[in-house]
Amino acid sequence: MRQVGNVALAMIALCCVGGSASAQDESGFQAYLATLRAQSQAAGVTRATIDSVFPTLTLNTRVVQLDRAQPGSDPNAPPPNFEPYRVSHIDAARISRGRQAFQAQRYRLQRIEQQTGVPESIMVAIWGNETNYGTFMGNFDIPRALASLAYDGRRRELFASEFVDSLKMIDRGVPAERLKGSWAGAMGGPQFLPSIYLRLARDGDGDGRADIWTSDADTLASIANYFANAGWRPGQPWGLAVSVPPGFDRSQITNRLLSPRCAKVFARHSGWKTMAEWRALGMAPVSRAWPEDTVLATLIEPDGPGKTAYLLTGNYRVILDYNCSNFYALAVGLLSDAVVQ
Ligand SMILES: [Ca+2]
């Protein structure tokens, strides 16, 4: 009952914010653009960029449909198992392409790892998970998509801010026609939102531009810069697959901390223990060498007791910072291991 009431309230709220969110009409969108224009001016976007972009903007109903089709999560539903996801996302084709990308890019990857401490294999795995190694980066016009999503209003503040940042990219010298990406505003090989591009995109090939759309060197340098900025610890793995001993008492590893962000993702992790403590509890490595005894890790059992479990270091949290999903982060970690085998 409470849920029904909340949904009804939300619909009422939507109907009355600007009177346009449910109408989805071009005239409502054009009227809303005055707000976005004022926000852009207030944020310091140049007149030339504003005058060149705004006349091109029309409502993209397709991105609004895609945003609304995002599956809502039922708080009472048990999380799905990871194993089917692993099998479909880290298949032979993706591993094979990853090994090819790894070999083809090694001369760059080695240099970037030396500069940032971010492993070559992690850069490749992010690239593979985000865009299948640069082969699928999205073809939506980014300012138009973000303006449409801001107008729709489900996450207006976020999308309006990203829209303004996409204009700042033009001011910074990115050609407007480069601003192509996913329907939700992620661009180029690393799939950066405009705010992330402005903060963390890097020039990897020395031409003075961070071209994450056509330069593999810039894409890989940008991914590494993101990871270094988010606190990747050189010399530590992301984690490793382990087997949990039969009859293991899980009450002794309960996580009592509540994460302020991504609470549901972190709620699936145990409390922190050192590798020495995990080994003393009977965990046995499945796939790779045991990290140093002092490294801290949490345990996740994404398929429940009796199946493969994973010990996750602080570096796993850096992958979550990139995309806060346990399935995503596990897939990146396992793909990174597979491409260098
Ligand atoms: Ca460049």
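Here's a quick rundown of the structure. All values reported here derive from a predicted model rather than from experimental measurement. (Residues numbered from 1 in each chain as written. Predicted model: local features only at pLDDT ≥ 70, side-chain atom pairs only at ≥ 80, totals over all residues. Heavy atoms only, no water.)

**As for the overall build of the protein chain**
Logical step 1: Within the protein chain one finds 15 helices and 7 strands.
Logical step 2: Here the C-alpha radius of gyration of the protein chain, 22 Å, is about what a compact globule of 341 residues would show, namely 20 Å.
Logical step 3: Once the C-alpha set of the protein chain is aligned to its principal axes, its extents read approximately 65 × 60 × 35 Å.
Logical step 4: Out of the 341 residues in the protein chain, the part that is buried amounts to 46%.
Logical step 5: In the protein chain, the proportion of contacts linking residues at least 24 apart, taken out of those at least 6 apart, comes to 71%.
Logical step 6: As displayed, the protein chain has an accessible area near 16,500 Å², and 54% of this comes from carbon and sulfur atoms.
Logical step 7: Within the protein chain, the 31 negative side-chain charges are centred at a point lying 3 Å from the centre of the 34 positive side-chain charges. (Helix = DSSP H or I, 4+ residues; strand = E, 2+ residues; numbered from the N terminus. Rg over C-alpha atoms; globule rule 2.2 N^0.38 Å. Buried < 20%, exposed > 50% of the residue type's maximum accessible area, 1.4 Å probe, protein only. Contact = heavy atoms within 4.5 Å. Areas by Shrake-Rupley, 256 points an atom, 1.4 Å probe, with all protein chains shown as cover. Lys, Arg positive; Asp, Glu negative; His and termini not counted. Charge placed at Lys NZ, Arg CZ, Asp CG, Glu CD.)

**Looking at the packing of helix 2 (residues 26-42) against helix 9 (residues 156-171)**
Logical step 1: Between helix 2 and helix 9, the shortest axis-to-axis distance is 10 Å and the interhelical angle comes to 60 degrees. With respect to helix 9, the element helix 2 is oriented oblique. Of the two elements, helix 2 crosses helix 9, and the hand of that crossing is right-handed. In contact with Y32, L36, Q39 and S40 of helix 2, helix 9 contributes R156, A160, F163, V164 and L167.
Logical step 2: Here the contact of helix 2 with helix 9 is composed, by residue class, of 6 nonpolar, 2 polar and 1 charged. (Axes fitted to C-alpha atoms, helices over the stretch in contact; angles between N-to-C directions. Parallel < 35°, antiparallel > 145°, perpendicular 65-115°, else oblique. Left-handed = near helix turned anticlockwise from the far one by under 90°. Nonpolar A, V, L, I, M, F, W, Y, C, P; charged D, E, K, R; others polar.)

**Brief notes about the sheet that holds strand 7 (residues 309-312)**
Logical step 1: An order of 4-6-7-3-5 is seen for the 5 strands of this open sheet, with the pairing classed as antiparallel. Two strands lie at the open edges of the sheet, namely strand 4 (273-274) and strand 5 (284-285), each paired on one side alone.
Logical step 2: Bridge count for strand 3 (residues 239-243) against strand 5 is 2 bridges, and the pairing is antiparallel. Residue pairing for strand 5: S243 is matched across the bridge by A284. (Pairing = 2+ DSSP bridges.)

**Looking at the nonpolar core**
Logical step 1: Counting 83 residues, the largest nonpolar core has F163, Y197, F227, W238, Y310 and I319 as its most contacted members.
Logical step 2: Counting residues per element, this core draws most heavily on helix 15 (residues 326-339), at 10 residues.
Logical step 3: If we ignore the near neighbours within four places in the chain, the residues touching I319 are I122, F227, W232, W238, Y328, A329, V332 and G333.
Logical step 4: Ranked by size, the runner-up nonpolar core spans 14 residues in total, among them W278, M283, V295 and A309. (Core = buried A, V, L, I, M, F, W, Y, C linked by side-chain atoms within 4.5 Å.)

**Some points on the coordination of the calcium ion**
Logical step 1: Each protein donor to the calcium ion is listed here as D203 (OD), D205 (OD), D207 (OD), R209 (O), D218 (OD) and D218 (OD); together their distances run 2.2 to 2.7 Å.
Logical step 2: Metal-centred angles of 52 to 162 degrees between the 6 donor atoms at the calcium ion mark the site as irregular.
Logical step 3: In the primary sequence, the donor residues of the calcium ion line up as D-x1-D-x1-D-x1-R-x8-D. (Donors = N, O, S within 2.8 Å, 3.2 Å for Na, K, Ca; no water. Tetrahedral: all angles 85-135°; square planar, octahedral: opposite > 155°, others 65-115°.)

**What to know about the pairing of strand 3**
Logical step 1: Burial analysis of strand 3 places 4 of its 5 residues in the buried class, the great majority of the element.
Logical step 2: The pairing of strand 3 with strand 7 spans 4 bridges and is antiparallel. Its bridge partner lying in strand 7, G239 is registered against L312.

**Re helix 9**
Logical step 1: Relative to the 22 Å expected for 16 residues at 1.5 Å per residue, helix 9 spans 23 Å between its end C-alpha atoms, a close match to the ideal helical length.
Logical step 2: Along helix 9, the residues that are buried comprise F159, A160, E162, F163, V164, D165, S166, L167, M169 and I170.
Logical step 3: Packed against the buried residues of helix 9 are helix 2, helix 3 (47-53), helix 8 (142-152) and helix 10 (194-200). (Expected span 1.5 Å × (residues − 1).)

**A short note on helix 6 (residues 92-116)**
Note on helix geometry: an α-helix contains 3.6 residues per turn, so any two residues three or four positions apart are oriented the same way.
Logical step 1: A rise of 1.5 Å per residue sets the reference length of helix 6, with its 25 residues, at 36 Å; its end C-alpha atoms lie only 29 Å apart and thus fall more than 12% short of the reference.
Logical step 2: Of all the bends found along helix 6, the most pronounced is centred on R106 and spans about 75 degrees.
Logical step 3: Inspection of helix 6 places R94, I95, G98, A101, F102, Q105, R108, L109 and I112 among the buried residues, and these make up the whole buried set.
Logical step 4: As for helix 6, its buried residues are in contact with helix 5 (83-89), helix 7 (120-131), helix 11 (216-229) and helix 15. (Bend = angle between axes of the 7 residues up to and from the residue.)

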